[in-house]
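Secondary and tertiary structure notes
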Amino acid sequence: MSFRAPFASLALLAGFLQLSSGISPAQALTPLCNPTVTSPIIVDSHEQIVEGGLRAQPPLTNTGGFGFGWPDTQMSAIKIPGGYEFFASEAALHPRYMWDGHWVGNNKHGSVVTTVGTLDNPLGTGDPQDVSISPNPDPGVDPNYPSYGYMGGGSIYQVPAGMTGAGNLVVTYHAELPNYALLGLAESKDNGLHWTDLGEVIRLNQAYMPGLNFAEIGDGRLVLSPDGKYFYLYFPDLPATTNTTTHVSVARALAASLLDAAFGSAHPHAIPFEKFYQSNWHLQPAIGGASTDLSPNWAPQEGGYVDVHFNSTLQRYVMIMDNDTTFYYTESVDGLTWTSPIALGTYADGVKTLVPYASSIGLGDDPSILGKSFYIYYTYLHEENGGLPREGNSLRRITLTCP
Amino acid sequence: MFIRSQLVSCALLASLFLLAAVVSSAQAITPLCQPAVTSPIVVASPAQRLAAGAKAQPPLTDTFDWPDTPLGIIKTADGYEFFGSDGGAHYRQMWQGHWVGNNKSGSFTTTVGTLDNPLGTGEPEDVSVSANSDPAVNPIYPSYGYMGGGPVYQVPEGMTGAGNLLATYHAELPNDALYAALGLAASADNGLHWTDLGEIIRLNQAYAVGLDGFEIGDGPLVLSPNGKYFYLYFPDWIANGLLHTTNAQGVSTTTNVSVARALAADVMNAAFGPPPHHSIPFQKFYKGG
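Now for a quick tour of the structure. Every residue gets a number counted from 1 within its own chain, in the order that chain's sequence is written. Numbering of ligands from 1 and lettering of chains from A proceed in the order in which they are written. Note on the predicted model: pLDDT of at least 70 is required for a residue's local features to be given, and 80 or more for side-chain atom pairs to be given and counted; whole-chain, interface and lining totals, by contrast, use all residues.

In this section: the overall build of chain A. Only runs of H or I of at least four residues qualify as helices and only runs of E of at least two qualify as strands under DSSP, and these elements are numbered from the N terminus. What chain A contains, in helices and strands, is three helices and 29 strands. Here the globule rule is a power law, 2.2 Å times the number of residues to the power 0.38, and the radius of gyration is based on C-alpha atoms. Computed over C-alpha atoms, the radius of gyration of chain A comes to 19 Å, within 12% of the 22 Å expected from 2.2 N^0.38 for 403 residues, which places it in the range of a compact globule. In terms of overall dimensions, chain A has a C-alpha envelope of 60 × 45 × 45 Å along the principal axes. Neighbour counting defines burial: a residue surrounded by 20 or more other C-beta atoms within 10 Å of its own C-beta is buried, one with 12 or fewer is exposed, and intermediate counts give partly exposed, using backbone-placed C-beta atoms. Across the 403 residues in chain A, those meeting the buried criterion constitute 57%. Throughout, a pair of residues is in contact if the C-beta atoms placed from their backbones lie within 7 Å. In chain A, 61% of the contacts between residues at least 6 apart in sequence involve partners at least 24 apart.

The next thing to look at is the sheet that holds strand 17 (residues 258-263) of chain B. All names here are of chain B. Strand order in the open sheet made by the four strands is 15-16-17-18, with antiparallel pairing throughout. On the outer flanks of this sheet lie strand 15 (222-223) and strand 18 (283-284), each paired with one strand and no other. Here the rule is simple: two strands pair whenever DSSP picks up at least two bridges between them. Where strand 17 meets strand 18, two bridges bridge the pair, whose relative direction is antiparallel. Within strand 18, the position partnered with Arg261 by the bridge is Gln283. Axes here refer to lines fitted to C-alpha atoms; in helices the fit is confined to the stretch in contact. Angles between the N-to-C directions go from 0 to 180 degrees. Along the sheet, helix 3 (residues 264-272) contacts strand 15, strand 16 (229-234) and strand 17; its crossing angle with strand 17, the most-contacted strand, is approximately 65°.

Bringing unusual backbone geometry into the picture now. Gln57 of chain A connects to Pro58 of chain A through a cis peptide bond whose omega is -5°. Looking at where Pro58 of chain A falls in the secondary structure, it is placed in the loop between helix 2 (46-55) and strand 3 (76-80). The omega angle of the peptide bond from Gln57 of chain B to Pro58 of chain B is -10°, so this bond is cis rather than trans. The topology assignment puts Pro58 of chain B in the loop between helix 2 (46-55) and strand 1 (72-75). In the Ramachandran plot, Thr241 of chain A falls in the positive-phi region, its phi being about 65° despite a non-glycine side chain. Among the secondary structure elements, Thr241 of chain A is positioned in the loop between strand 17 (230-235) and strand 18 (249-254).

Attention now goes to the sheet that holds strand 19 (residues 274-277) of chain A. Residues and elements named next belong to chain A. The strand order 16-17-18-19-20 describes an open sheet built from five strands, whose pairing is antiparallel. Edge positions in the sheet fall to strand 16 (223-224) and strand 20 (280-285), since each of these pairs with one other strand and no more. Pairing of strand 19 with strand 20, which is carried by three bridges, proceeds in the antiparallel orientation. Along strand 20, the bridge assignment pairs Glu274 with Pro285. Across the sheet, helix 3 (residues 255-263) lies against strand 16, strand 17 and strand 18, angled at about 65° from strand 18, the strand it touches most.

Let us now look at the environment of Val112 of chain B. Residue and element names in this part refer to chain B. Inspection of the secondary structure puts Val112 in strand 7 (residues 108-113). Along the chain, Val112 and Phe230 lie 118 residues apart, while their C-alpha atoms are 27 Å from each other. Excluding anything up to four places from it in sequence, Val112 contacts Gly79, Glu81, Gly120 and Gly122.

Here we come to the nonpolar core. The biggest cluster of nonpolar side chains holds 163 residues, and the ones touching the most others in it are Leu233 and Leu258 of chain A together with Ala167 of chain B. With seven residues, strand 28 (residues 373-382) of chain A is the largest single contributor of residues to this core. Setting aside anything within four residues of it in sequence, one finds Leu258 of chain A in contact with Phe231, Ala253, Ala270 and Ile271 of chain A. Connectivity within a nonpolar core runs through C-beta atoms within 7 Å, and the core itself is a set of buried Ala, Val, Leu, Ile, Met, Phe, Trp, Tyr and Cys residues. With six residues, the next largest nonpolar core counts Ala52, Leu60, Phe64 and Trp66 of chain B among its residues.

Our next topic: the interface of chain A and chain B. Facing the 28 residues of chain A at the interface are 26 residues of chain B. For the side of chain A that touches chain B, the elements supplying multiple residues, two or more each, are strand 18 and strand 20 of chain A. Broken down by element, the residue count for the side of chain A that touches chain B peaks at five residues, all from strand 20 of chain A. By residue class, the composition of the side of chain A that touches chain B is 14 nonpolar, twelve polar and two charged. Three categories are distinguished: nonpolar for Ala, Val, Leu, Ile, Met, Phe, Trp, Tyr, Cys and Pro, charged for Asp, Glu, Lys and Arg, and polar for the others, with Gly belonging to the last.

Before going further, it helps to examine the pairing of strand 22 (residues 316-322) of chain A. As a general feature of sheets, a regular strand has side chains that alternate between the two faces. Residues and elements named next belong to chain A. When you tally the buried positions in strand 22, you get seven out of seven residues, the bulk of the element. Burial along strand 22 is two-sided: Arg316, Val318, Ile320 and Asp322 facing one way and Tyr317, Met319 and Met321 facing the other are all buried. Here strand 21 (residues 305-311) pairs with strand 22 via seven bridges, running antiparallel. In the strand pairing of strand 22, Phe310 is matched with Tyr317. In textbook terms, the turn of a hairpin is the stretch between consecutive antiparallel strands, and for strand 21 and strand 22 this stretch comprises four residues, one of which, Gln315, has a positive phi near 55°. Where strand 22 meets strand 23 (residues 326-332), six bridges bridge the pair, whose relative direction is antiparallel. For Asp322, the partnering residue across the bridge sits in strand 23 and is Phe327. Where strand 22 hands over to strand 23, the hairpin turn is made up of three residues, of which Asp324 adopts a positive phi near 90°.

Right, here's the structure in full:
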């Protein structure tokens, strides 16, 4: 997602590192876990990524100079017999063309790439399915679709048995207007071979306008609320007329209603999300509304990409934050009040190297649920735009353990 | 809509009349009509309104503050049906065996009359907007202190929901000043029941406590020149970093008139097709696109 700014950008970092100005409850919660992490390992090298791109289906054509820019968002995984399916965006341009008797591509950067691999090699040896998000058949669902220059994601929710659309997939996508990012949802009923836009769900409080400095909104995942009724979606918000993002904000929608709208309707669509604001869920629409910074007192650098999962060992939510160089760990019982961040390590210098898109993957049957130990995958970028197509990039991993 | 300030308030008028400081294109088009207007006449006197309020159904739980929005009008075989909000509070009450009222000010009030007497002689149907059966359609519904409207669009033959009514409502969030949004409501029984379809337009300035009051009005759905879209006109307030409609230089950041649109067929399909009934996203016109 950070393909606009050279070196992913001091501007990007600046957006993440600025102080926020939300409300501030006392942080009384203490973490149950005092995490230790291993040294990083490379799980997919630059060469493997290049080779994966050569196998991608539909084949890459004109990538806009990016090559196979994978993974370009946070990623997620589903356990299957014999291994895992991994999902992440791929930064290349995907021109529209005829392939295998049907049209593919959407003339945008980004996609939803499915790979079949292992936790030690997410790319695997098969053909990555590099699928562009198609417009909704009803143009009224997302009138902004034609304007996106980027549209891709990797944060998957697989609908559980007993709910509308059981087994189907919902992905949070990251879409970009010029220098402006937002979040939407797309659905797949064929395990990622096709993705259909369900429309936008979250925009920054700052409206789109020419001349903005780019503010990263990430590509967070749908997380069930403590009572299981709502999807929570975490993101950094940008209050209007400021250059200061929140550390983390959250929006929600009723899970059952969302799945009904996505999979139970002849006209699939998303439903309105609401931003959490001043302790109230009923005041601010997630499209452009204001939000409360859940952790206004955190240090400026404690923010960035936010990745939230439930940890069944701790019986708490765990958030990994990634500011492009350093990762942080924090816990929550209710998803709203978070412990003070614990730094896990610094893995890039922020100038010639960057480490965006930290994504936690659990080691149990459901990789979206974390346990005593879990993996954190991230993209290692080296001199982006200084050396396209992403010379020296790789997918790396650390292991986090709660002793 | 003016539930907080009696006499409509100079502040409110001021906000409506402020010059906009946002985009400005030359107006090359000239009017075909040079309008002339008559002096005002009274078509519904205070006494008539008082009398009508005494007949309103369901019975009032507050004063009859009609009309509190622009009116919508449909021609019938015998005359006209008029639609306008009643700004009084509508407390929830049991009436004729079912619950009515939504504990909010505002309503959709239907009257049958003539162009010379919109109140007519019958009983005004003073109907609150009900929550959508799916609370996800409008999670903000519980927060509104005011919810009502008048501009009605009757779905024409050949379209989904033909004959039904679609109305723009004006909703207000709690504040010490006026912060309002626009939403849609639907009626499949000629105004006897109205169901919320959700918000469609908010100001660019997000809701916050302490904001200046700003009126968004209650505009009608208007078909675009090609007939494909609903246009909805409103004054917008562009966020300027302050709680005020003027920026640090004292210049207004409100628009004189802005417009948003949505595909008309899709709006009606979503409103009157398979449940849950809902609205669809409207897009504001911005920078020529």
